[in-house]
Amino acid sequence: EMSPEERAFQERIDRGEKIEPKEWMPEGYRKTLIRQIGQHAHSEIVGQLPEGNWITRAPTLERKAILLAKVQDEAGHGLYLYCAAETLGVSRDELLEKLHSGNMKYSSIFNYPTLTWADIGAIGWLVDGAAIMNQVPLQRTSYGPYSRAMIRICKEESFHQRQGYDIMMKMAKGTPEQKEMAQDALNRFWYPSLMMFGPSDKDSVHSAQSMAWKIKINTNDELRQKFVDQTVPQAEYLGLTIPDENLAWNEEKGGYDFSEPDWSEFYEVLKGNGPCNKERLGARVKAWEDGAWFREGLMAHAEKQSAAKLA
Ligand code: ACO
């Protein structure tokens, strides 16, 4: 039932060739990429908010400078990814309109609050750790501009992960109160971090087709398992406890058994009912509206310039 064009396209994918913007591609491939890259871009932009919350309250000047740099990196990742999406024929304004009207998603994780400084550590360690686990394989994704964006983003993301782990080290080896804050942050961010990889494979709508197109390289459960296996020894090194009584090494599979997150909570967050959904989207809509005068000024200036050129 595949058309000859579709068959030839699939053969290119199977050979490991990259697909570039001006080349023919099935409409479904284009739509899937716009959805995934667009949501990824939105996640980077919305992801600035929970951490931005702590820039003014970072405990030292050094920590403030590091956090500021990291949040700026995220803005850069977002813009980089919007550019990659634009090569597929969608405008940045369209993508933003869909975000602001609630018609496009961003990662569930950014709908949780950052209550203490230890949360900034937990985000770097766990959230950026999960992001890297997902993004390293995406460097080999079949769409050229997305794959190249991922190469650069992953380099910065690994610095983010280290800065988070460094905060956790300081807290976990600090006073009993600091260690307690670190444990509390781990308790609150563990399951939301597991949710970042998406629903379990049996409930993942897009995985099969996206993997055939090499838009995705691994299934959601594969990456979640790898993340748990990588993170458990890191928690042990910190002297912290993963909040899961079922966590146990499984010799046979060569990985940990662990509890699934509460999937009903995940779907509630996706529907807009997480603890901070309204606040996060509200902040983005306000930023867009507050910037209207500036965008209008730029447009007026550009029109004057081109009119002057014509005259
Ligand atoms: N948060 C919000 N929505 C999610 C999440 C999540 N953690 N996981 C899955 N979903 C959504 C999917 O977007 C899809 O909804 P849609 O059809 O309305 O788009 C639905 O749940 C079903 O999930 P899947 O069929 O498994 O979706 P998909 O194949 O797109 O897999 C995944 C989801 C793994 C997140 C994939 O899109 C991906 O790898 N994206 C790129 C990475 C990314 O976006 N990272 C952002 C967070 S990291 C950061 O910004 C620091």
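- With an unreviewed UniProt entry as reference, the chain is termed Phenylacetate-CoA oxygenase subunit PaaA, source organism Roseibium aquae.

### Section: the overall build of the chain
Item 1. A count of helical and extended segments in the chain gives 13 helices and two strands.
Item 2. In terms of C-alpha radius of gyration, the chain reaches 21 Å, essentially the compact-globule figure of 19 Å for 311 residues.
Item 3. Structurally, the chain occupies a C-alpha span of about 70 × 50 × 35 Å along its principal axes.
Item 4. Across the 311 residues in the chain, those meeting the buried criterion constitute 47%.
Item 5. Taking contacts inside the chain between residues at least 6 apart in sequence as the whole, the part at least 24 apart equals 77%.

### Description of the environment of Lys98
Item 1. Examined against the element boundaries, Lys98 turns out to sit in helix H5 (residues 92-100).
Item 2. Take Lys98: its relative accessible area is 38%, and that puts it in the partly exposed class.
Item 3. For the pair Lys98 and Asp221, spaced 123 residues apart in sequence, the C-alpha to C-alpha distance is 28 Å.
Item 4. In contact with Lys98, not counting residues within four places along its chain, are Asn103 and Met104.

### A few points about a nonpolar patch on the surface
Item 1. On the surface, a nonpolar cluster with roughly 400 Å² of combined accessible area is contributed by Trp293, Phe294 and Leu298.
Item 2. Locating Trp293 in the fold gives a position in helix H13 (residues 292-310).
Item 3. What makes Trp293 exposed here is its relative accessible area of 64%.

### Description of the site of the ligand
Item 1. Close contacts around the ligand come from 28 residues, with Lys105, Ser204, Val205, His206 and Lys216 the closest.
Item 2. The separation between an oxygen atom of the ligand and a polar side-chain atom of Ser204 is 2.7 Å.
Item 3. Contact with the protein chains removes 89% of the 960 Å² of surface that the ligand exposes when unbound.
Item 4. Elements that contribute at least two residues to the shell around the ligand include exactly helix H2 (27-46), helix H6 (117-138) and helix H11 (263-273).
Item 5. Tallying contributions element by element places H2 first for the shell around the ligand, with six residues.
Item 6. Partitioning the shell around the ligand into residue classes produces twelve nonpolar, twelve polar and four charged.

### Thoughts on the nonpolar core
Item 1. Judged by nonpolar contacts, the single largest core of 47 residues is most densely connected at Trp117, Trp125, Leu126, Phe189, Trp190 and Phe227.
Item 2. Sorting the residues of this core by element identifies helix H4 (61-86), H6, helix H7 (144-172), helix H8 (176-195), helix H10 (220-238) and H11 as the ones contributing at least two each.
Item 3. If sequence neighbours within four positions are ignored, Phe189 has contacts with Ile109, Tyr112, Pro113, Asp119, Ala122, Ile123, Leu126 and Val127.
Item 4. The next biggest cluster of nonpolar side chains, apart from the first, holds 27 residues, and it includes Tyr82, Ala84, Met150 and Ile215.

### Regarding the pattern of salt bridges
Item 1. Tallied over the entire structure, the rule returns 18 salt bridges.
Item 2. Measuring nitrogen to oxygen at the nearest pair gives 3.4 Å for the salt bridge that ties Arg30 to Glu27. Remark: Glu27 and Arg30 occur in helix H2; sequence separation between them is three residues, near one turn of the helix.
Item 3. A salt bridge links Glu51 to Lys70; the shortest N-O distance between them is 2.6 Å. Of the two residues, Glu51 is situated in helix H3 (residues 48-52) and Lys70 in helix H4; the sequence distance between them amounts to 19 residues.
Item 4. The class for Lys70 is buried, based on a relative accessible area of 0%.

About the cut-offs
- Residues numbered from 1 in each chain as written.
- Predicted model: local features only at pLDDT ≥ 70, side-chain atom pairs only at ≥ 80, totals over all residues.
- Heavy atoms only, no water.
- Helix = DSSP H or I, 4+ residues; strand = E, 2+ residues; numbered from the N terminus.
- Rg over C-alpha atoms; globule rule 2.2 N^0.38 Å.
- Buried < 20%, exposed > 50% of the residue type's maximum accessible area, 1.4 Å probe, protein only.
- Contact = heavy atoms within 4.5 Å.
- Patch = residues over 30% accessible without salt bridge, like charges linked within 9 Å, V, L, I, M, F, W, Y side chains within 5 Å.
- Areas by Shrake-Rupley, 256 points an atom, 1.4 Å probe, with all protein chains shown as cover.
- Salt bridge = Lys/Arg side-chain N within 4 Å of Asp/Glu carboxyl O.
- Near = heavy atom within 4 Å.
- Polar contact = N/O pair within 3.5 Å; in protein donor to acceptor, adjacent residues only side chain to side chain.
- Nonpolar A, V, L, I, M, F, W, Y, C, P; charged D, E, K, R; others polar.
- Core = buried A, V, L, I, M, F, W, Y, C linked by side-chain atoms within 4.5 Å.

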